Amino acid sequence: MYERILVATDGSELSELAVTASIDLALLMSAELVAVKVVHHYPAGYFEGSLLLSQMEVQRMQQQADAEAQRVVDAVKAKADARGVKSTRAVIMKSELISEAIIEAARVHKSDLIVMASHGRRGIRRLLMGSETLHVLTHSHTPVLVLR
């Protein structure tokens, strides 16, 4: 039924559930797996209190975020390869809009399914913190499997 499954991960415990489920599903369907982590794209600057960080500090932070993202997707790839998934890709997307990057990754990699976790926030917490999962659900043309 599915030939290519995209799993969106942020490396958290909750997203590990989505990773495990996507690997299980990929094995069941003999599907390829695409592991995606979104990193914020080249920030213009960060404020810590009232202090503006230097461009060198911003670049250092960006390099750290990129390295951590690579570690996360490489770990998913290693886990999938160890379980026998036929083909796994480790992809990092850079964007200010996480949900849009996930949707774009699914389109670019011709995914049949997006698997992701949701914190299940409701009410004011969802309003204040937003919901990347909800945005993917409502804007993606690719089917989405949400795990909580």
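Reading the values: the criteria
Residues numbered from 1 in each chain as written. Predicted model: local features only at pLDDT ≥ 70, side-chain atom pairs only at ≥ 80, totals over all residues. Heavy atoms only, no water. Helix = DSSP H or I, 4+ residues; strand = E, 2+ residues; numbered from the N terminus. Buried < 20%, exposed > 50% of the residue type's maximum accessible area, 1.4 Å probe, protein only. Contact = heavy atoms within 4.5 Å. Areas by Shrake-Rupley, 256 points an atom, 1.4 Å probe, with all protein chains shown as cover. Salt bridge = Lys/Arg side-chain N within 4 Å of Asp/Glu carboxyl O. Pairing = 2+ DSSP bridges. Axes fitted to C-alpha atoms, helices over the stretch in contact; angles between N-to-C directions. Left-handed = near helix turned anticlockwise from the far one by under 90°. Nonpolar A, V, L, I, M, F, W, Y, C, P; charged D, E, K, R; others polar. Core = buried A, V, L, I, M, F, W, Y, C linked by side-chain atoms within 4.5 Å.

1. Brief notes about the overall build of the protein chain
So, step 1. Summing up its helical and strand segments, the protein chain has five helices and seven strands in all.
So, step 2. Taken from the N to the C terminus, the helices and strands of the protein chain come in the order β-α-β-β-β-α-β-α-β-α-α-β.
So, step 3. Per-residue burial for the protein chain yields a buried fraction of 37% across its 148 residues.
So, step 4. Within the protein chain, residue pairs in contact and separated by at least 24 positions form 75% of the contacts whose partners lie at least 6 positions apart.
So, step 5. As presented, the protein chain carries roughly 8,800 Å² of accessible surface, and 56% of it is formed by carbon and sulfur atoms.

2. Observations regarding the pattern of salt bridges
So, step 1. Taken as a whole, this structure holds nine salt bridges when the rule is applied.
So, step 2. We note a salt bridge from aspartate 66 to lysine 94, for which the minimum N-O separation is 2.9 Å. Of this pair, aspartate 66 sits in helix α2 (residues 55-83) while lysine 94 sits in strand β5 (residues 88-94), and the two are 28 residues apart along the sequence.
So, step 3. Looking at lysine 94, the relative accessible area reads 34%, which means it is partly exposed.
So, step 4. Linking glutamate 104 and arginine 107 is a salt bridge whose minimum nitrogen-to-oxygen distance equals 2.5 Å.

3. Structural notes on the sheet that holds strand β2 (residues 32-39)
So, step 1. Read across the open sheet, the five strands follow the order β5-β2-β1-β6-β7; overall the sheet is parallel. One side of each edge strand has no neighbouring strand; the edge strands of this open sheet are β5 and β7 (144-147). Pairs of neighbouring strands in the sheet enclose a mean axial angle of 25°, with direction left out of account.
So, step 2. Examined bridge by bridge, strand β1 (residues 4-8) and strand β6 (residues 113-117) share three bridges and lie parallel to one another. Directly across from isoleucine 5, in β6, lies its bridge partner leucine 113.
So, step 3. In this fold helix α1 (residues 13-29) packs onto β1, β2, β6 and β7, with an angle of close to 150° to the strand it touches most, β6.

4. Let's talk about the packing of α1 against α2
Each pair of packed helices can be summarised by the angle the axes make with each other and by the distance between the axes.
So, step 1. Running from N to C, α1 and α2 cross one another at 35°; their axes reach a closest spacing of 10 Å. Judged by the twist between their axes, the crossing of α1 over α2 is right-handed. Seen from α1, the contacting residues are Glu16, Val19, Thr20, Ile23, Asp24 and Leu27; seen from α2, they are Val76, Lys79, Ala80 and Arg83.
So, step 2. Looking at the contact of α1 with α2 residue by residue, the classes come out as five nonpolar, one polar and four charged.

5. With respect to the environment of valine 144
So, step 1. Here valine 144 is to be found in strand β7.
So, step 2. Sequence spacing of valine 144 and methionine 116 is 28 residues, and the spatial spacing of their C-alpha atoms is 7.6 Å.
So, step 3. Other than its neighbours up to four places away in sequence, valine 144 contacts Leu113, Ile114, Met116, Val136 and Leu137.

6. Some remarks on the nonpolar core
So, step 1. Among the nonpolar cores identified, the biggest contains 18 residues, and Ile5, Val7 and Leu33 are the most heavily contacted of them.
So, step 2. When residues in this core are grouped by element, the largest group, five residues, is from α1.
So, step 3. Those residues in contact with isoleucine 5, other than ones at most four positions away along the chain, are Ser22, Leu25, Ala26, Ala31, Glu32, Leu33, Val34, Leu113 and Val115.

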